[in-house]
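Single-letter residue listing:
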Amino acid sequence: MKIGILALQGGFELHAQMLAILGVDTVYVRKPDQLVSCHGLIIPGGESTTLMKLMREGGLFESISDFAADKPVFGTCAGLIMLAMDSINDNLVTLNLIDLSVERNAYGRQIDSFIDSVEIRINGAIDSFEGVFIRAPKIVAVGEGIDILGTHSDDVVLAENDQVFVATFHPELTNDVRIHQYFVGKIRKSR
Ligand code: GLN
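Note that the structure is a prediction, hence the values are computed from the model and not measured. (Residues numbered from 1 in each chain as written. Predicted model: local features only at pLDDT ≥ 70, side-chain atom pairs only at ≥ 80, totals over all residues. Heavy atoms only, no water.)

## Here's the deal with the overall build of the protein
For step 1, the next point in the chain: A tally of helices and strands in the protein yields five helices and 12 strands.
For step 2, the next point in the chain: Compactness check: the protein gives a C-alpha radius of gyration of 15 Å against a globular reference of 16 Å for 191 residues, within 12% of the reference.
For step 3, the next point in the chain: Across its three principal directions, the C-alpha atoms of the protein cover 40 × 35 × 30 Å.
For step 4, the next point in the chain: Out of the 191 residues belonging to the protein, those deemed buried represent 50%.
For step 5, the next point in the chain: Here the analysis covers contacts within the protein between residues at least 6 apart in sequence; of these, 65% occur between residues at least 24 apart.
For step 6, the next point in the chain: If you sum the accessible surface of the protein, you get close to 8700 Å²; carbon and sulfur atoms cover 46% of it.
For step 7, the next point in the chain: Of note, the protein has its 16 positive side-chain charges centred 6 Å away from the centre of its 25 negative side-chain charges. (Helix = DSSP H or I, 4+ residues; strand = E, 2+ residues; numbered from the N terminus. Rg over C-alpha atoms; globule rule 2.2 N^0.38 Å. Buried < 20%, exposed > 50% of the residue type's maximum accessible area, 1.4 Å probe, protein only. Contact = heavy atoms within 4.5 Å. Areas by Shrake-Rupley, 256 points an atom, 1.4 Å probe, with all protein chains shown as cover. Lys, Arg positive; Asp, Glu negative; His and termini not counted. Charge placed at Lys NZ, Arg CZ, Asp CG, Glu CD.)

Written out as structure tokens, the structure is:
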């Protein structure tokens, strides 16, 4: 199995480290043809407006849409914003691959970055996970066909549909591989 990591901007390297721990091969994706050999794709955190601009310039907007039609994609933070149905209060055009509305930088200036325990349900049990939130978005509406896999207070912070998996926080900034492992399992199931 090989997982692509979109490497245009932002925190892509730590995702590669997580997958290396899990023994999964990775490739940094900067051009559409690099997606061909991938069985799944991670869109990392970063700055969603910059990421979107670079994605369009590189012809990756279309290719990622096509890719996600039959292969799993995992987005963290800005990666989630890109995959969402829309981003309220700005005119960012997103990939619209998961029926979630997000609000960017929704935690406000005072606590724009923080670490707190998140409740996750990914292996048939309720567990906690260290949630690293960095100028994180909030999921403000959950649409059809979405499974909620993690919450923080009243907020949904981890969710999926058949093909797309998203987190508002950064599991790659912990030493805990469970969320990446879950994504690897999602790819295995889809093959
Ligand atoms: N605040 C960023 C944005 O709106 C996301 C931050 C992140 O990915 N850590 O794009």
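## Considering the sheet that holds strand S2 (residues 25-29)
For step 1, the next point in the chain: The sheet built from nine strands is open, its strands ordered S2-S1-S3-S4-S12-S11-S10-S7-S8 with mixed pairing. A single partner strand is all that each edge strand has here, and the edge strands are S2 and strand S8 (127-134). Direction aside, neighbouring strands of the sheet carry axes that sit 25° apart on average.
For step 2, the next point in the chain: Two strands pair when backbone bridges link them, and strand S1 (residues 2-6) and S2 are joined in this way by five bridges, in the parallel orientation. (Pairing = 2+ DSSP bridges. Axes fitted to C-alpha atoms, helices over the stretch in contact; angles between N-to-C directions.)

## Re the sheet that holds strand S6 (residues 98-103)
For step 1, the next point in the chain: Here three strands make up an open sheet; going across it, the order is S5-S6-S9 and the pairing mixed. Edge positions in the sheet fall to strand S5 (84-87) and strand S9 (138-142), since each of these pairs with one other strand and no more. If you compare each strand with its neighbour and ignore which way they point, the axes differ by 35° on average.
For step 2, the next point in the chain: Strand direction decides the pairing type here: S5 and S6, joined by three bridges, are parallel. If you follow Ala84 over to S6, its bridge partner there is Ile98.

## Details of the nonpolar core
For step 1, the next point in the chain: Ranked by internal contacts, the top residues of the largest apolar core, which has 32 residues, are Ile43, Met55 and Ile64.
For step 2, the next point in the chain: Residue assignment for this core shows that the elements contributing at least two residues are strand S3 (40-43), helix H2 (48-57), helix H3 (60-67), helix H4 (78-83), S6, strand S11 (155-160) and strand S12 (164-167).
For step 3, the next point in the chain: With five residues, the top contributor of residues to this core is H4.
For step 4, the next point in the chain: In contact with Met55, other than residues within four places in its own chain, are Leu6, Leu8, Leu60, Phe61, Ile64, Met82 and Leu95.
For step 5, the next point in the chain: Judged by nonpolar contacts, the second largest core, of 29 residues, contains Val24, Ile42, Phe169 and Tyr182. (Core = buried A, V, L, I, M, F, W, Y, C linked by side-chain atoms within 4.5 Å.)

## A word on the packing of H2 against H3
For step 1, the next point in the chain: The interhelical angle for the contact between H2 and H3, taken along N-to-C directions, is 90°, at an axis separation of 6 Å. With respect to H3, the axis of H2 lies roughly perpendicular. Facing H2, whose interface residues are Met52, Met55 and Arg56, H3 presents Leu60, Phe61 and Ile64.
For step 2, the next point in the chain: Broken down by class, the residue content of the contact of H2 with H3 amounts to five nonpolar, no polar and one charged. (Parallel < 35°, antiparallel > 145°, perpendicular 65-115°, else oblique. Nonpolar A, V, L, I, M, F, W, Y, C, P; charged D, E, K, R; others polar.)

## Topic: the environment of Ser190
For step 1, the next point in the chain: Relative to the helices and strands, Ser190 is located in helix H5 (residues 178-190).
For step 2, the next point in the chain: Residue classification places Ser190 among the partly exposed positions, given a relative accessible area of 35%.
For step 3, the next point in the chain: The spatial distance from the C-alpha of Ser190 to the C-alpha of Gly40 is 9.7 Å, given a sequence separation of 150 residues.
For step 4, the next point in the chain: Setting aside residues no more than four positions away along its own chain, Ser190 makes contact with Pro72 and Gln163.

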